[in-house]
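# Chain and residue survey
Listed below are the residues making up each chain.
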Amino acid sequence: MDAKLSPNQGLNITGIGLVSLLGVGLGVAALILDVMAGRLPWLAKSLTMPLLLCALISAAVGYWVVPWLSALKAGQVIREDGPQAHLKKAGTPTMGGIFFIPVAAIVACVWSGFDHQVLAVSALTLSYGFIGWLDDWQILRRKSNKGISPKTKLALQVGFAALFCLWLMYSQTNSITSIAFPLGFSLPLGLLFWPFAGFVLVAESNATNLTDGIDGLAGGTVAIAMLALGALTAPTSPELMIFCASISGSCLGFLAHNRNPARVFMGDTGSLALGGALAAVALLTNSLAALFILSGIFFVETLSVMAQVGYYKATKGPDGKGKRLFKMAPLHHHLELSGWSELQVVAVFYIIGAVLGVCGFAISKF
């Protein structure tokens, strides 16, 4: 495919059209899932109502926050070695996570009657959002792509993960020490479960962060994964179902401003928080096997970065330069540089995310 194709050639849809299709699709999916489970969609403990409410509130709040971020000159610094088409995005406000993440957390806590599990996952989500905010703020303050140091970021992620795991260990009646699989199989880990749980929190958070590189990509794929996770946790934890639906809805509200062409980016403030939210709910409900399926896109994006770095180091010659496996990592940038438009990448990833969501939900039933 010619790399000089116009952005929408080959895909007869606009950014707002794509996000509208996603919103309608998730709304209909939530309604169907509620009906199938015997839940009244218009009542508190459902997928539909928290999804719609958070979508509306986040979209409305964004109309006030986005201009405010612009006035603060909180513009994104674009990598010069990235896709050249992204250079025109320089100055677009970032840190959008500061409005749609708190909206989801507040609605979920109030709607669930301040359930202790929802309070815990909300605290973990906001904590990871705080780490992302520190990173975003340092990038904006220094006017470069260098935020807080990787070691500092990792230390904070591990620290908050450890606190969450300690709470999980001592607050649950039946402490989780194994990974549940379909058909009744489980992998007992004993005390090793806890460092593994910490790893899942940090890895999922960073994986969603890597996926956030194209208008609407991370917000839409997380919205799909969160709704599916809420559906499969609903029978055992309706309160966490409300939390998942709230996060999914807030992502949709955020996409009203982040769809192509984006008026705001979520930044690490949003992407780190979203990954933490997914992992925290999966750990609480022992849904790690399902999480692996639902997070297939984030996993592949992370693998592409690891493969790129590993291949470059393995092929490094006497001149200190190595070969690249991809034109650029993560994978979505490779596809862009191969001639795909942003809308094509996002549309295909949404479809893949939806298929993974259906598969994860179906497999959980076994």
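Figured I'd write up the structure that's included with this text. The model shown is predicted, which means the values in this text are computed figures rather than measured ones.

Parameters and conventions
Residues numbered from 1 in each chain as written. Predicted model: local features only at pLDDT ≥ 70, side-chain atom pairs only at ≥ 80, totals over all residues. Heavy atoms only, no water. Helix = DSSP H or I, 4+ residues; strand = E, 2+ residues; numbered from the N terminus. Buried < 20%, exposed > 50% of the residue type's maximum accessible area, 1.4 Å probe, protein only. Contact = heavy atoms within 4.5 Å. Axes fitted to C-alpha atoms, helices over the stretch in contact; angles between N-to-C directions. Parallel < 35°, antiparallel > 145°, perpendicular 65-115°, else oblique. Left-handed = near helix turned anticlockwise from the far one by under 90°. Nonpolar A, V, L, I, M, F, W, Y, C, P; charged D, E, K, R; others polar.

### Considerations on the environment of A329
Along the chain, A329 falls in the loop between α11 (296–314) and α12 (331–337). In this structure A329 comes out as buried when scored by relative accessible area, which is 16%. Sequence-wise, A329 and L210 are 119 residues apart; in three dimensions their C-alpha atoms are separated by 9.2 Å. Non-local contacts of A329, meaning those with residues more than four positions away in its chain, are made with S304, V305 and Q308.

### Structural notes on the side chain of Q138
Residue placement: Q138 occurs in helix α4 (residues 116–142). With a relative accessible area of 16%, Q138 lands in the buried category. Not counting residues within four places of it along the chain, the set of residues in contact with Q138 comprises K146, G147 and I148.

### Quick look at the packing of α4 against helix α9 (residues 267–284)
Helix-helix packing is described using two parameters, namely the angle between the two axes and the distance between the axes. Contact geometry for α4 and α9: axes closest at 7 Å, N-to-C directions at 155 degrees. The orientation of α4 with respect to α9, classified from their angle, is roughly antiparallel. The two elements α4 and α9 cross, and the hand of that crossing is right-handed. Contacts between α4 and α9 pair Q117, V121, L124, T125, Y128, G129, I131, G132, W133, D135 and D136 from the former with G267, D268, T269, L272, A273, G276, A277, A280, V281 and L284 from the latter. Here the residues of the contact of α4 with α9 sort into eleven nonpolar, seven polar and three charged.

### Section: unusual backbone geometry
In this chain, N260 is followed by P261 through a cis amide linkage whose omega measures -5 degrees. Relative to the helices and strands, P261 resides in the loop between α8 (238–258) and α9. Here A329 and P330 are connected by a cis peptide whose omega angle stands at 0 degrees. Mapped onto the elements of the fold, P330 is located in the loop between α11 and α12. Phi is positive for F114, which is not a glycine, with a value near 55 degrees. Following the sequence through the fold, F114 ends up in the loop between α3 (97–111) and α4.

### Looking at the environment of L56
Its place among the elements puts L56 in helix α2 (residues 48–71). What makes L56 exposed here is its relative accessible area of 62%. Put simply, L56 and G253 are 197 residues apart on the chain and 6.0 Å apart in space, counted from C-alpha to C-alpha.

### Details of the environment of E342
Considering the arrangement of structural elements, one finds E342 in helix α13 (residues 342–364). Its relative accessible area of 12% is what places E342 among the buried residues. Measuring from C-alpha to C-alpha, the distance between E342 and D215 comes to 7.3 Å, with 127 residues separating the pair along the chain.

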